Amino acid sequence: MLVQQKIFAILASILIFVVIINLVKNKKLKEEYSWLWLLTGALIMILVLWYDILLILTHLIGAVLPTTTLFIFAILFLICLALDFAIKISKLTDQVKNLTQKVSIMEVDRLNDIKNPSTDFS
Amino acid sequence: MNKRCIIIPVYNEERNIAAVISDIRKYCDVDIVVIDDGSSDSTSEIAHREGAFVIRHPFNMGYGVALQTGYKYALKHHYDVLVQMDGDGQHSAKFIPELFREVESSNCDVAIGSRFLADSQYRAGFLKLAGIKIFRHIIWWITGEKITDPTSGYQCLNRKVFEFFTDDHFPYDYPDANVIIMLHRAGFKIKEIPADMMLNPEERSMHRGIFTISYYFFKMFLSIFITLIRKKQ
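Residues numbered from 1 in each chain as written. Chains lettered and ligands numbered in written order. Predicted model: local features only at pLDDT ≥ 70, side-chain atom pairs only at ≥ 80, totals over all residues.

Considering the overall build of chain B
Regarding its fold elements, chain B presents 8 helices and 7 strands. Against the globule reference of 17 Å for 233 residues, chain B gives a C-alpha radius of gyration of 17 Å, in line with a compact fold. Overall, chain B is about 45 × 40 × 35 Å in size when its C-alpha atoms are taken along their principal axes. Relative to its 233 residues, chain B shows a buried fraction of 45%. A separation of at least 24 residues holds for 77% of the contacts in chain B among residues at least 6 apart in sequence. (Helix = DSSP H or I, 4+ residues; strand = E, 2+ residues; numbered from the N terminus. Rg over C-alpha atoms; globule rule 2.2 N^0.38 Å. Buried ≥ 20, exposed ≤ 12 C-beta atoms within 10 Å, placed from the backbone. Contact = placed C-beta atoms within 7 Å.)

Here you go:
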């Protein structure tokens, strides 16, 4: 691996760390969403500093160049991240649905109570 | 005497909702619950003026969610049996007493009004008819039950069924053939009765446009597959 490539990768992972920690510090990103990003930064750092690990991985997955391995893992990471978001969105969709239904039903009950204070619809 | 209600999910139906409610009143005296799914017109006001209980969603969330809101309302207010019907005037209210009778006489847990068992003036388009035939065969193949109208939204449900539907597993984007298979797997008894249906006055449909229809088919097959691999409830 060229020295320039190493320097660039180390700088990129340090940048990821700094940006993520800052976002968490300023409450723009929740801690529970930050771990996957921090893990990525750590992985880039490990792969660059221990180049042999990258070579072993490249050999294991049958890739020709170590950079290909890095790209493959970057794409896999993005897929994991997108899937993680899709799971969270599905959960949020259900929560919004249930909350909206509950509020709508409570609202009609409240209006009926105001209109007919003596009537018990239940 | 069972506590009964009729739930009507609606979205921008100010032109039809008054007629639908007055049509229902001709045939039965039950609580009418209109679920306004975030209409931008005066559907809610008209339904309220006509004497219905109106539940308003603050924004549009789709037909299935509105239906499920109706089930949750019925469950909260201890109704024993409910009829669900469309708010566009497609379903004739004269079949409501018979739908209630079928379920209340314990013949079944769900009674479906089928336009194909009645001498109906309803004429489905080619794609819709093809879809109905395909899902009819799939239901028959999976459950052994001959349901002629798997896309009918004109149904009567007892309390056990609408309680079952308040769960998050209810497929609220397109609750059709997948729901029938889900009910069968949960051990509920389903029966069909003839029910005349009209093409709605503005000829609108949930399933229109080639992309919507393609998505509907894909989603329905996926939903049936997921229902089958899920543990029985």
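What about the overall build of chain A?
A tally of helices and strands in chain A yields 4 helices and 0 strands. Sequence-ordered secondary structure for chain A, helices as α and strands as β, is α-α-α-α. In summary, chain A has a C-alpha radius of gyration of 25 Å against a globular reference of 14 Å for 122 residues, an excess of more than 25%. With respect to the principal axes defined by its C-alpha atoms, chain A has extents near 80 × 35 × 15 Å. Considering only contacts in chain A between residues 6 or more positions apart, those separated by 24 or more positions represent 41%.

Focus on the sheet that holds strand β7 (residues 190-194) of chain B
Residue and element names in this part refer to chain B. The 7 strands lie next to each other as β3-β2-β1-β4-β6-β5-β7, forming an open sheet whose pairing is mixed. The open sheet has two edge strands, β3 (53-56) and β7, and neither has a second partner. Looking at each pair of strands side by side, their axes are set apart by 20° on average, direction ignored. Here strand β4 (residues 81-84) pairs with strand β6 (residues 155-158) via 4 bridges, running antiparallel. Looking at the pairing, V81 lines up with N158 of β6. The strands touched by helix α3 (residues 63-76) are β1 (4-10), β2 (31-36), β3 and β4; relative to β1, the strand with the most contacts, the crossing angle is about 155°. (Pairing = 2+ DSSP bridges. Axes fitted to C-alpha atoms, helices over the stretch in contact; angles between N-to-C directions.)

Notes on the packing of helix α1 (residues 3-25) of chain A against helix α2 (residues 31-49) of chain A
Residues and elements named next belong to chain A. Closest axis-to-axis distance for the α1/α2 pair is 9 Å, and the angle between their directions is 165°. With respect to each other, α1 and α2 are oriented roughly antiparallel. Between α1 and α2 lies a crossing whose hand is left-handed. In this structure, α1 contributes K6, A9, I10, A12, S13, I16, F17, I20 and V24 to the contact, and α2 contributes E31, S34, W37, L38, T40, G41, I44, M45 and V48. Its residues placed into classes, the contact of α1 with α2 shows 12 nonpolar, 4 polar and 2 charged. (Parallel < 35°, antiparallel > 145°, perpendicular 65-115°, else oblique. Left-handed = near helix turned anticlockwise from the far one by under 90°. Nonpolar A, V, L, I, M, F, W, Y, C, P; charged D, E, K, R; others polar.)

A closer look at the interface of chain A and chain B
Residue-level contacts link 9 residues of chain A with 16 residues of chain B. The class makeup of the residues in the side of chain A that touches chain B is 3 nonpolar, 4 polar and 2 charged.

Concerning unusual backbone geometry
All names here are of chain B. In this structure, N12 is a non-glycine residue whose phi angle is positive, near 50°. Along the chain, the position of N12 falls in the loop between β1 and α1 (17-27). Phi is positive for S106, close to 60°, though the residue is something other than glycine. Mapped onto the elements of the fold, S106 is located in the loop between α4 (96-104) and β5 (110-114).

Brief notes about the nonpolar core
Residues and elements named next belong to chain B. With 66 residues, the main nonpolar core has I6, I8, I32, V33, V34 and L82 as its most contacted residues. Considering every element that reaches this core, the biggest residue donor is α3, with 7 residues. With near-sequence residues (within four places) excluded, V34 lies in contact with I8, V10, I17, A47, A52, V54 and G87. (Core = buried A, V, L, I, M, F, W, Y, C linked by C-beta atoms within 7 Å.)

With respect to the packing of helix α7 (residues 177-185) of chain B against helix α8 (residues 210-229) of chain B
When two helices pack together, their arrangement is given by the angle between their axes and by how far apart the axes lie. All names here are of chain B. Interaxial distance between α7 and α8 falls to 9 Å at its minimum, and their mutual angle equals 10°. It follows from the interaxial angle that α7 and α8 lie roughly parallel. On α8, the residues touching A177, N178, I181, M182 and R185 of α7 are M220, S223, I224 and T227.

Some details on helix α4 (residues 66-115) of chain A
With 50 residues, α4(A) ought to run about 74 Å at 1.5 Å a step, and its terminal C-alpha atoms sit 73 Å apart, in line with that. T69(A), L70(A), Q101(A), S104(A) and V108(A) are the residues of α4(A) that are buried. Contacts made by the buried residues of α4(A) are with α2 and α3 (51-61) of chain A together with β3 and α3 of chain B. (Expected span 1.5 Å × (residues − 1).)

Looking at the pairing of β3(B)
Residue and element names in this part refer to chain B. On β3, burial covers both faces: F53 and I55 on one face and V54 and R56 on the other are all buried. Relative to β3, β2 is paired through 4 bridges, and the arrangement is parallel. Residue pairing in the sheet places V34 in a bridge with V54 of β3. Viewed along the sheet, the connection from β2 through helix α2 (residues 43-49) into β3 turns out right-handed. (Right-handed = clockwise from strand over helix to strand, strands pointing away.)

Considering α8(B)
Owing to its 3.6 residues per turn, the α-helix aligns residues three or four sequence positions apart on the same side. All names here are of chain B. In this model, α8 (20 residues) spans 29 Å end to end at C-alpha, consistent with the 28 Å of a helix rising 1.5 Å per residue. When α8 is considered as a whole, its buried residues turn out to be Y216, M220, S223, I224 and T227. One side of α8 carries all its buried residues, which in axial view fall inside an arc of 100°. Relative to its buried face, α8 has exposed residues pointing more than 90 degrees away, namely I210, F211, S214, F218, L222, F225 and I229. Check the buried side of α8 and you find it contacts α5 (126-143) and α7. (Arc of directions from axis to C-beta.)

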